Amino acid sequence: MLGFSVLILLPLLTALFCYLIKNLRVQYSISVFVGFLHLTLTFIVFLGLYHIQLPTFFSFDSLSKLFLLILSNVYFWVVLVSNTYLKRHVTSKAQEGKKYYFLLLNFYLASNSAAMLSDHFGMYWVTVEMTTLSVAPLIYYYRNEEALEAMWKYLFVVSVGIAFAFIGILFLTLSANGTSLQGKQLFFWEFIRSAKELNPIWLKASFIFIFVGLSTKIGIAPMHSGDIDATSNAPSPIAALMSGSLRLTALIGVMRIFEIIIPTSSYEFARTILIIGGLLSLFTAFVFMFKVNNYKRMLAYSSVEHLGLITLGIATGGIAFVGAMYHAIYNAITKIVLFLSAGNIHSKFKTREVEKVKNVMNILPKTGWLFLLAFLAISGIPPFGIFFSEIKIFEGIFFLDNPLLLAFVMIFLLFIFINMGKIFFMMLYKKEENETTTTQFEGFDIIHLVSILLLIILVAIAVSSPDVIYQNILNVAKDFGITLK
Amino acid sequence: MENVLSILFSLSLFYVSVTSRVKGYVAVLRFQGLILSVLVLLPFLKNFSIFGIILPITLLLVKVILIPSYINKIILDLDIKRVIEPTIQQIVFLLLVIATMIVIFISSSVIAQSTELNVIPFASGFSAIAIGIYIIIFRKKLIVHVCGFLVLENGIFLFGTAVASELPMMIELGVLLDVFVVVFLMGIALNKIRSTFEGFEVTDLGRLKD
Amino acid sequence: MDILQGIISVLIILGFAPLFIGLVNKQKAKLTGRIGAPILQPYYELQRLFKKETINANTSSFISRFSPLLNFVSLITAAAMLPVGFWKPLISFNGDIILFAYILGLSRFFQILAAMDIGSSFEGMGAAREATFALFAEPIFFFTIGSISFISGYTSLFDIYHSIQLDNISYEVFIVICSISVFMLAVTECSRMPVDDPNTHLELTMIHEVMILDNSGLDLFLYQYSSYIKLFIYTILEISFFYPFSQQSYLVGILIFVFGSLVLSLALAVVETITSRYKMKNIPQYLLFATAIGILNLLIYTFTK
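Residues numbered from 1 in each chain as written. Chains lettered and ligands numbered in written order. Predicted model: local features only at pLDDT ≥ 70, side-chain atom pairs only at ≥ 80, totals over all residues.

1. Here's the deal with the overall build of chain B
Working step 1: Looking only at helices and strands, chain B has 7 helices and 0 strands in total.
Working step 2: Secondary structure of chain B in N-to-C order comes out as α-α-α-α-α-α-α.
Working step 3: Taking 2.2 N^0.38 as the reference for a compact globule, 210 residues should give roughly 17 Å; the C-alpha atoms of chain B span a radius of gyration of 18 Å, in line with that estimate.
Working step 4: Principal-axis analysis of the C-alpha atoms places the extent of chain B at approximately 55 × 40 × 35 Å.
Working step 5: The 210 residues of chain B split such that 46% are buried.
Working step 6: Once local pairs closer than 6 in sequence are excluded, the contacts in chain B between residues at least 24 apart make up 74%. (Helix = DSSP H or I, 4+ residues; strand = E, 2+ residues; numbered from the N terminus. Rg over C-alpha atoms; globule rule 2.2 N^0.38 Å. Buried ≥ 20, exposed ≤ 12 C-beta atoms within 10 Å, placed from the backbone. Contact = placed C-beta atoms within 7 Å.)

Spelled out as structure tokens, the structure:
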């Protein structure tokens, strides 16, 4: 019961507490504390030092352990820097809304942990919808027209999408008709155990509905629009939270249904759909990178790209699956640094348009360097982790005996890299004519510290590749029926 | 009895596709909520238990009383014009609805030959899902979009009873709560949209583009 | 015996049709707070028209002369096919629902022809409207009555009504649904309120009334009388759903007949009081709505058996 209370109940109670106590500093401290507790416990559980008993509808397996750690990690750093963001000047309207910030953040943590840990499709659905509800008001943090529109679209698109996922869940019930599962509850593990008995037609229908519905939340093309709007207009910590963890929460649902499908005859079908989804996401990112003129939108498209890559890796299986899991870790960490730096730039230049941001390297030297490093990291330059995970994914695709697929993926990634690089270097180095090149002083605050720490962690994981993580990922792969030679 | 209720549900779908009043939509939501509550109540009439009565009552409270009253309140507070402003002619919309329902009914009866399910609730529920989406696509007003979303949700609920999936009550309640909070948040957003955009139509939301 | 009962049925329809209209008008007046004309007023009207001289327009041809009579005769034929109470109608054979529909169609056809024959653009406009809406109204009849015919497996009005069992609950719901669409059909065919306003004489909004604007005397008498009969035919079509055919007794039959007529007249009056006329462009969708109900009925029965 201790684990359950720390992971889910404590954040809920903190949310309640934040509702009662209006003082932002107190809210901040207790939220950081809860986040830290959450991270510590998740880490201990991940290391396998402590085994947690969870009530019905919730359980741990290797996949939820890994994703929960990613979530907990992202959440902790985001909460840590939140105070700095809250201190920044905003319109008086937005000032009003600040008192709900930590409340929603804690609620987000509770619902998201519950979604990751749930082992019942119904419970998963309810909690995933709750994460949408908790994040939607946070998107509206700046209280301006764009944020409002983004919030409306996100709320609407995702709600409809999740409703579709519910239809998929009902189809799953239908697929169990006439098998030993009929009339039983929708537990993941029960379905996985007797997946072969399920009716293939309903299973396929169920997979399509769940995948399409949840891809509004994952941000897989062509359902990515609401997600892009939301990520690009939310305040930077929230954007980092969404890119790093919220998308994975939705992805875990797709992975569960995929796990059910793997031993059945519908496997090829599901796999094709996942590959198409992943490739389409890469293609969307590839197309929009040419014309995007808003750097936060660019980062959002980059998220679409990387989630597409992860989906592709999961679908490919084998070594690519391992790569995809690593990719999820690295992408989450890198996205925090990117969004936090973007947030710094935004607060200095007061604009999100690429053309109006110039000479960041001299005006904000520290942020500029971090931004550059994070860009190198997200583009897969060694020694940053994404390089290694992408290599693994490519290797998996290469052994798929479909060279054309790999060629397409490579071309898309290359052009995304070129276009992103163009935007980054324009922002960082391009100067006005007759502008002085003297470097201005930029204060060192917690955001820079967090960014540096995260980059170090990123490199450390990539270089040392801890056995714990590798073993865990292997366990996940084993659950998915993948054995590595 | 389930069939009878589902047919009434389908009738309400026809009404929702011809009416041109926002009030009509709210009335239909109330009506559908009532039908669903009765549908959930039916099994408990046979073997009555205090515990089992919670879900029908909550359903009644949320879908018949709270949500419709809340939407009515929004309409009143924001002084939204009472006509729905469709993007296509109503008659075309109705024809589309009829065609969709024919397809859905025929395909459900084909499906029912191989799978065990209740055809009429299944087909009615599925039709409601389709019509909810049509409403979202072919109407301009945002408040009507919310109604379309709720019609879709009601359809899913009916559909769920048709495939005889019995989710635990805690989860059913959670679903209801989620739906209510979604509508609540959408209401708040509409409130803000009114003060920011001076309009309630999709065409007003066009700022975010590449 | 059957023939005698059939003849009596037709006489009942002919006799009570004006009374029903009077009833509707009286209740409508009451609901809107007026005293209203006496219930027997339609009889006086008919009497007055009967006495007057018939004048036809100079431009009109033989069609104008015989169409009122043809109209009247075809409605009487239709009335003769309708079962009143438990009695077998005068004309009854397999497939008579088609004849019933097209006899009514024939009367409308000649009315439209006659309206155009007069040569006034005004009547022509009314004729065009009538034809347009008839196009949408016809599927209602076929989908509603057709679906019941499908369900029962009979194709004669009398047999169809006799096959209805009121003890089956899902049957009851279908009857209620069908009666909704028959009610809408009646409103349309008889040019009552949401579709057409029988009381206005405003050129922009008239549909039915405008077609008989240039008729007088005996011709007008025939037209009016046949429109009364038409409404009553649809009323009986609707009431017949509710006879408990399993237990036949005169008392029950008469009671349901009287009670049903009263309820329907009240329903018509209420509808006419609380609704306003639809815009001309909204009428097709109103009619399509009724068709949709019929289609739903058909779908449910065909694909769930």
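More follows now that the structure is in view.
2. Notes on the overall build of chain C
Working step 1: Helix and strand counts for chain C stand at 10 helices and 0 strands.
Working step 2: Tracing chain C from N to C terminus, the helices and strands come up as α-α-α-α-α-α-α-α-α-α.
Working step 3: Taking 2.2 N^0.38 as the reference for a compact globule, 305 residues should give roughly 19 Å; the C-alpha atoms of chain C span a radius of gyration of 19 Å, in line with that estimate.
Working step 4: Dimensions along the principal axes, computed over C-alpha positions, put chain C at roughly 60 × 45 × 40 Å.
Working step 5: Out of the 305 residues belonging to chain C, those deemed buried represent 46%.
Working step 6: Residue pairs at least 24 apart in sequence account for 78% of intrachain contacts in chain C once pairs closer than 6 positions are excluded.

3. Considerations on unusual backbone geometry
Residues and elements named next belong to chain A.
Working step 1: With an omega of 0°, the peptide bond running from Ala-221 to Pro-222 counts as cis.
Working step 2: Within the secondary structure layout, Pro-222 lies in the loop between helix 9 (200-218) and helix 10 (225-233).
Working step 3: Backbone torsion omega between Pro-382 and Pro-383 reads 5°, so that peptide bond is classified as cis.
Working step 4: Within the chain, Asn-359 stands out as a residue other than glycine whose phi angle is a positive 55°.
Working step 5: In this fold, Asn-359 is placed in the loop between helix 14 (319-349) and helix 15 (360-363).

4. Description of the interface of chain B and chain A
Working step 1: Across the boundary between the two partners, chain B contributes 32 residues, which contact 32 residues of chain A.
Working step 2: Put simply, the parts of the chain that give the side of chain B that touches chain A at least two residues each are helix 6 (142-162) and helix 7 (169-197) of chain B.

5. Overview of the nonpolar core
Working step 1: Among the nonpolar cores identified, the biggest contains 338 residues, and Ile-139 and Met-151 of chain A are the most heavily contacted of them.
Working step 2: Counting contributing residues, this core receives three or more from each of domain 1 (1-265) and domain 2 (288-295 + 307-485) of chain A.
Working step 3: When sequence neighbours within four positions are dropped, the list of residues in contact with Met-151 of chain A reads Ala-136, Ile-139 and Tyr-140 of chain A together with Ala-189 of chain B. (Core = buried A, V, L, I, M, F, W, Y, C linked by C-beta atoms within 7 Å. Domains from an automatic or database assignment.)

6. Considering the interface of chain B and chain C
Working step 1: Between chain B and chain C, the residue contacts involve 19 residues of the former and 16 residues of the latter.
Working step 2: Listing elements by their share of the side of chain B that touches chain C, those giving two or more residues are helix 1 (2-18), helix 4 (90-112) and helix 5 (119-138) of chain B.
Working step 3: Grouping the constituent residues of the side of chain B that touches chain C by class yields 15 nonpolar, 4 polar and no charged. (Nonpolar A, V, L, I, M, F, W, Y, C, P; charged D, E, K, R; others polar.)

7. Focus: the packing of helix 10 of chain A against helix 13 (residues 295-316) of chain A
Residues and elements named next belong to chain A.
Working step 1: With their axes 8 Å apart at the nearest point, helix 10 and helix 13 run at an angle of 135° to one another. On the basis of their axis angle, the class for helix 10 and helix 13 is oblique. In this structure, helix 10 crosses over helix 13, and the sense of that crossing is right-handed. Together, Ile-228, Thr-231 and Ser-232 of helix 10 and Lys-296, Arg-297, Ala-300, Tyr-301, Ser-303 and Val-304 of helix 13 make up the contact between the two elements.
Working step 2: Counted by class, the contact of helix 10 with helix 13 contains 4 nonpolar, 3 polar and 2 charged residues. (Axes fitted to C-alpha atoms, helices over the stretch in contact; angles between N-to-C directions. Parallel < 35°, antiparallel > 145°, perpendicular 65-115°, else oblique. Left-handed = near helix turned anticlockwise from the far one by under 90°.)

8. Thoughts on helix 5 (residues 101-117) of chain A
Working step 1: The terminal C-alpha atoms of helix 5 of chain A, which comprises 17 residues, lie 24 Å apart, in line with the 24 Å expected from a rise of 1.5 Å per residue.
Working step 2: Along helix 5 of chain A, 17 of the 17 residues are buried, which leaves the element largely enclosed by surrounding structure. (Expected span 1.5 Å × (residues − 1).)

9. Description of the confidence of the model for chain C
Working step 1: With 94% of its residues at a pLDDT of 70 or more, chain C has an overall mean of 85.
Working step 2: Interface predicted TM-score (ipTM) for the complex: 0.93; the corresponding pTM is 0.90. (pLDDT = per-residue confidence, 0-100.)

10. Observations concerning the environment of Thr-264 of chain A
Residue and element names in this part refer to chain A.
Working step 1: Along the chain, Thr-264 falls in the loop between helix 11 (236-261) and helix 12 (267-291).
Working step 2: The sequence separation of Thr-264 and Ala-195 amounts to 69 residues, and the corresponding C-alpha distance is 6.5 Å.
Working step 3: The contacts of Thr-264, once residues within four sequence positions are left out, are Ala-195, Lys-196, Leu-198, Pro-200 and Leu-203.

11. Some details on the packing of helix 13 of chain A against helix 14 of chain A
Residues and elements named next belong to chain A.
Working step 1: The N-to-C vectors of helix 13 and helix 14 enclose an angle of 170°; their axes lie 8 Å apart at closest approach. With respect to each other, helix 13 and helix 14 are oriented roughly antiparallel. Residues Tyr-295, Lys-296, Leu-299, Ser-303, His-306, Leu-309, Ile-310, Gly-313, Ile-314 and Thr-316 of helix 13 lie in contact with helix 14, whose contacting residues are Ala-320, Phe-321, Gly-323, Ala-324, His-327, Ala-328, Asn-331, Lys-335, Leu-338, Phe-339 and Ala-342.
Working step 2: Residue composition of the contact of helix 13 with helix 14, grouped by class: 12 nonpolar, 7 polar and 2 charged.

12. Remarks on the environment of Ala-240 of chain A
All names here are of chain A.
Working step 1: Positionally, Ala-240 belongs in helix 11.
Working step 2: Sequence separation between Ala-240 and Ser-389 is 149 residues; the distance between their C-alpha atoms is 20 Å.
Working step 3: If near-sequence neighbours (up to four positions away) are discounted, Ala-240 is found in contact with Val-74, Val-78, Lys-335, Ile-336, Phe-339 and Leu-340.

13. Brief notes about the environment of Ile-256 of chain C
All names here are of chain C.
Working step 1: Along the polypeptide, Ile-256 turns up in helix 9 (residues 250-274).
Working step 2: Residues Ile-256 and Pro-244, spaced 12 residues apart in sequence, show a C-alpha to C-alpha distance of 9.3 Å.
Working step 3: Setting aside chain neighbours within four positions, we find Ile-256 in contact with Ile-239, Phe-242 and Tyr-243.

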